[in-house]
Each structure stands twice: as structure tokens, then as C-alpha cells.
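In case you want the letters, here they are:
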Amino acid sequence: MPSSKNKSASINRPKKVNPARASGADLSFWQATTKPLEFATLNEDLTINTVIVGGGIAGITTAYLLAKQGRSVAILEDGYLASGETGRTTAHLVNALDDRYYDLENYFGKEGARKAAESHSAAVDLIEYNVTTENIDCDFERLPGYLFLHPSDKKDSLKKELEATRNAGINTELLDNVPGIPSEPGPCIMFPSQAMFHPLKYIAALANTIIKQGEKIYTKTHVTKIDSSGVVTSNGHSVKAEHIVIATGTPIHRTFEIHTKQEAYRTYVIGATVPKDSLPRALWWDTGDQDSTWNNYPYHYARLQNYDDEFDLLIVGGEDHKTGQPDKEGIEEEMRFDKLIKWTTERFPIQEVLYKWSGQIMEPVDSLAFIGRDPAESKGNIYFFTGDSGNGMTHGTLAGIIISDMIAGGENPWTSLYDPSRKTLKTAADFVEANVNVAKQYTEFLSGGDVDSVKQIAPDHGAIVRMGTSKAAVYRDKSGNVHAYSAVCPHLKCIVEWNDEEKSFDCPCHGSRFTCYGKVINGPANTDLTAVDIKE
Ligand SMILES: Cc1cc2nc3c(=O)[nH]c(=O)nc-3n(C[C@H](O)[C@H](O)[C@H](O)COP(=O)(O)OP(=O)(O)OC[C@H]3O[C@@H](n4cnc5c(N)ncnc54)[C@H](O)[C@@H]3O)c2cc1C
Ligand code: FES
């Protein structure tokens, strides 16, 4: 197998972090190869049928379907469209869910698991329908997916999964070998008719249709206040609306309950060249590390992407850890890429690593997303989507289907399955574990800093520094200037951690993230870190 060359740690890293472009310092393959999807900033007050906060796949699909119903809609997006996790995805479009169908049977019964398969299949079908009817050139392709055992997993789990997927109505097959990976011993489960696409080309086309329908999209428009009458932006404009949809990845308008039912994880991706047509067109996944520290059993995921006449790009992800807690396993962010490259080189004929980036996923304690009416809002006109569970392309598309049906007052067969107020008692163990982990993070108030003095921070690096009874999040820029902020997360006051790969301060409690200049990039926090004075 040819050895892989890892070009450098600065692959596709722009000179300066631009939070409007991406939720991290590295750019994904999709972001690095397309133009930013920028629209005007909202600079007037509006009255509209539905306002949608967040311009990722969930917000855009909801707006697209509502515009097709003839409703007036406006999307308000903090950065550019798809500057959040939609721009950092790997875009497998599947009913082969990240979590096992035998677990879904346990949480939701056989009928619930069947509905989960049916709804994700419907989401892929809707994407294909949109691609066809709108004539979208976004590399959409149907292909099989292969699920094979992680070395830590038992053969029996694959058999259990085969039975559960068939109970759920998927025509899976057990194969002796893993097509495309001769070094894997097999067997594997083949999921037919999965799909993949280029997410940003798809989003750009839906946005184009929304605008052509006469509806509104605003970017660089940060929403600061949300209630049942509408929203207010940071530049003081209000949007009055009958319906309010919060599609911000994790809800920014609720402080507590929903954030106890899901955990934020970082996941890592590389894009490497492979000789054209050297691999079958397919998606691949292993079943995840069963001995992992984490509740989500991190697994590897791989797909191809058209690249040039000589090469395809193999896009491979994995090596997850809870946001803000890579140290719990002693494996820093850069080492996660090294592990991923090693795993990939052992299985695929990769030649040169051209891209690397990381992103954030929200893992609900019972595996399925939360989609629907906000249970904490008595008027019943605020809706949200969160808990993508690593299947946010389909879950986000489903959010569009379910929420637009709810707004239209129609029936939807999957509303109760994804209801944010559903009881998750059967998963009490994960729920308790997740919240014990959060409680432990508060002891960080008492510990020392990462460094004893600001002088120890090298250019383009950051650290947490103790300042008497408090802590500061400090970044020294490339020119040597120091930028200091309170290290206390504005959400529920945990202490943030420095992420040297994405040049961000990440909160270990519920996944809020801030750029090296203190600007919020992932909720649930919705305000920036507070600037503080600090002496060298
Ligand atoms: C590395 C990686 C690989 C993945 N692979 C897959 C995959 O193969 N298949 C799959 O199905 N899923 C995958 N996912 C998950 C999927 O990409 C995400 O779940 C999905 O893109 C989330 O879409 P979204 O619209 O909910 O959120 P986002 O795309 O994050 O959009 C939310 C938007 O809200 C905006 N926002 C936040 N706060 C405010 C505010 N106050 N005012 C205005 N706007 C605001 C943000 O700027 C952001 O653009 C992956 C995720 C990652 C990170
Ligand atoms: S994200 Fe909840 S305390 Fe920081």
C-alpha cells in the first residue's frame, strides 16, 4: 500500500479566522472549494408568517418547503449560509443510522425503529426529488453502504443489527467480505440505496429557489432575543412572526432542560486522494469502539468525492471526543488526525492528505433527533430541531418536513417519534452519565491554569490562565498581541478549554464554542466571552 503524505498542519487554513465563513479555523473540502453563500444583513423591521433562525440544512429545508406552500418566510443566519456544521459534514445520506437499530428497538419498540428507518429513507428521497426537480448539479449519487465490525465489537452485534434492520423494513444483506477493503476480515452488512452529495452545492440551489419565490434570506444577522411574538437581532431590528423556527444546531433560546438530554462531540475528518476508480462507489462505516470512554462509541466513516481526472477524494471521519474534553483520553486534536490517517492508510490506497477539519455533532441520549414544538412555550408557535446524532443531513431534512407540516396544520406520521418532550427514561443510564460528566466540569474553577503566565503562550496559540479567583481565556495572535476574555462560559458558567486545532475556546459542559477572539460560534451560549484586561 503506498504511504500517505500529510501535507501540513495548515492545509486549507485561511490567514485569519472568519466566524462568518466557518465554525473553526480549518476549512472543509466543501467550504474550501465553493464561494461563501452571503446575502444582505437585515437592516429593517419585518412582519412575516415564519421566521427561521439558522441557515444550515434544517433551516434552509424548512424555508424551502414553507416557501413552496406559499408562506412568507425569512431566514436569519449569523454567518454565511451553511457556515455551521452543514459546511463541515461528510454528507452521507442514509437510513443506515449511526446508532444501532437494535438499540432503537429497545428505546422506541419495533414500530418506532421501523418509523425511524422509514423517515430517514423519506428524507433521502426528498433530497433526491429536489435534486431532480430543481435540476441541481451537486454530485448526488445512490450507492450501497457497508457496516463492518470494529475490532472491539462482537460478531453477534452484526447479526443482531441485521435482524433489527430487517425488522425495520430495510433490505439489508450479510456479505462475507467488505467490498473495497480487502484488509477487513468481514462479514459486513450491506445497506442498499444509500446516497451522498456535495452539501454546499445543494444548499446554494435551495437558497436560490427560496429567493426566486420572493422569500428572504439574511446573513451576518445575529438573533439575540426569541419569544412567541418573533425575534430581535443584535443590530436592534425585530421580526414579528406567527411561527418561529429555531434551527441553530443546538437551541440558543433555552438554558436548561434540552441540554441535559444531549451531549456535544467533536469529530475529525481528512480528505485524501485515491487513484480514480480504484475503489467501488460506496459508503463505509465500522461499528465503533465499544471500549471507548465516551457514550457515543466513536466510529469511522468513509466516502468518495469526485475530485479531478486522475484522483477521487476519499473523505474519512472519526476519532470523536466530548467537546472540550480531548485530554480525558490524553489525545490532543492534532493526534486525532494522525490516528485517522493511520486507520485510513491501513485500509485504503490513499496518496496525499489534502484536507482536514473537525466539526460538532449533538448526541441525544436516546439516538433520535428532537424535532417539533418547544415544550416550554405555552403558545405553541416556537419549533426547534436539535440532536442530529451524526445523521443531521437526514434529520435536518426531516426537521424541514415535520415542522413545515406542523405549521401547515397537517398530519405527519413521525411527529411523536421526534417530539422534543418524549420521555427518555429507558436511556436513564446514559442520561445520568452525561449529566455527571457535566457536573464534574465545574471543579475546573478550582484547578490551576494551562500555563503559569501569559508569557508562556506562543504566537497563534491560546491557553487558560488563572487570575486570582477567576480564570481567563487568552489568545496570542500571530503578531504577538494578547487577547484576553473571561474563561467563564456565558451559558451555565463552566470553564472553557483551548482547542489548538480549530483555534477556539470550547466549553466542556454543553458544547458552546468561541473563536480565539471570544466570538460565539456554537450554542447553547448566544453571547460572546467577556473581554478582560490581563498583564503580560
Ligand atoms: C464532521 C461531520 C461529519 C458529519 N457527517 C454527516 C453525515 O455523513 N451524514 C449526516 O447526515 N450528518 C452528518 N453530520 C451531521 C450534520 O452535518 C449536521 O447535523 C447538520 O449539518 C446540522 O445542520 P443544522 O442546520 O441543524 O445546523 P448548522 O448547519 O450548524 O446550522 C445552524 C446555523 O445556525 C446559525 N446560528 C446559530 N446561532 C445563531 C443566532 N443567534 N442567530 C442567527 N443564526 C445563528 C449558525 O451560524 C449556523 O449556520 C456530520 C457533522 C460533522 C461535524
Ligand atoms: S455550554 Fe453550557 S456551560 Fe458552557
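Rules behind the numbers
Residues numbered from 1 in each chain as written. Chains lettered and ligands numbered in written order. Predicted model: local features only at pLDDT ≥ 70, side-chain atom pairs only at ≥ 80, totals over all residues. Heavy atoms only, no water. Pairing = 2+ DSSP bridges. Helix = DSSP H or I, 4+ residues; strand = E, 2+ residues; numbered from the N terminus. Salt bridge = Lys/Arg side-chain N within 4 Å of Asp/Glu carboxyl O. Buried < 20%, exposed > 50% of the residue type's maximum accessible area, 1.4 Å probe, protein only. Disulfide = S-S within 2.5 Å. Expected span 1.5 Å × (residues − 1).

### Some thoughts on the pairing of strand β9 (residues 223-227)
- As judged from the four bridges shared by β9 and strand β10 (residues 230-233), these two strands associate in the antiparallel manner. When the bridges of β10 are listed, V223 appears paired with T233.
- The antiparallel pairing of β9 with β10 creates a hairpin that spans two residues between the two strands.

### Structural notes on the pattern of salt bridges
- Here the structure, examined in full by the defined rule, presents 25 salt bridges.
- Across the pair D125 and R142 runs a salt bridge, and its minimum N-O distance is 2.9 Å. Here R142 lies in strand β5 (residues 141-148) and D125 lies in helix α3 (residues 101-133), a separation of 17 residues in the sequence.
- You can call D125 partly exposed: its relative accessible area is 41%.
- The shortest N-O distance in the salt bridge between R347 and E346 comes to 3.6 Å.
- One connected set of salt bridges, linked through shared partners, spans E141, K276, R281 and D312.

### A closer look at the state of the cysteines
- Within the structure shown, the criterion is met by one disulfide.
- Across a sulfur-sulfur distance of 1.9 Å, C494 and C509 are joined as a disulfide pair. Measuring the twist about the S-S bond at about -75°, one finds the C494-C509 disulfide to be left-handed. In this pair, C494 is assigned in the loop between β21 (482-486) and β22 (497-499) and C509 in the loop between β23 (504-506) and β24 (513-515), connecting sequence segments 15 residues apart.
- Exposure remark for C509: the relative accessible area of 4% places this residue in the buried category.
- Of all cysteine sulfurs, the one in C489 lies closest to C516, which takes part in no disulfide; the gap is 17 Å.

### Overview of helix α2 (residues 57-68)
- Here α2 is twelve residues long and its end C-alpha atoms lie 16 Å apart, about the 16 Å a rise of 1.5 Å per residue gives.
- Looking only at α2, the buried set comprises I57, A58, G59, I60, T61, T62, A63, Y64, L65, L66 and A67.
- Positive backbone phi, approximately 90°, marks G70, located one or two places after α2.

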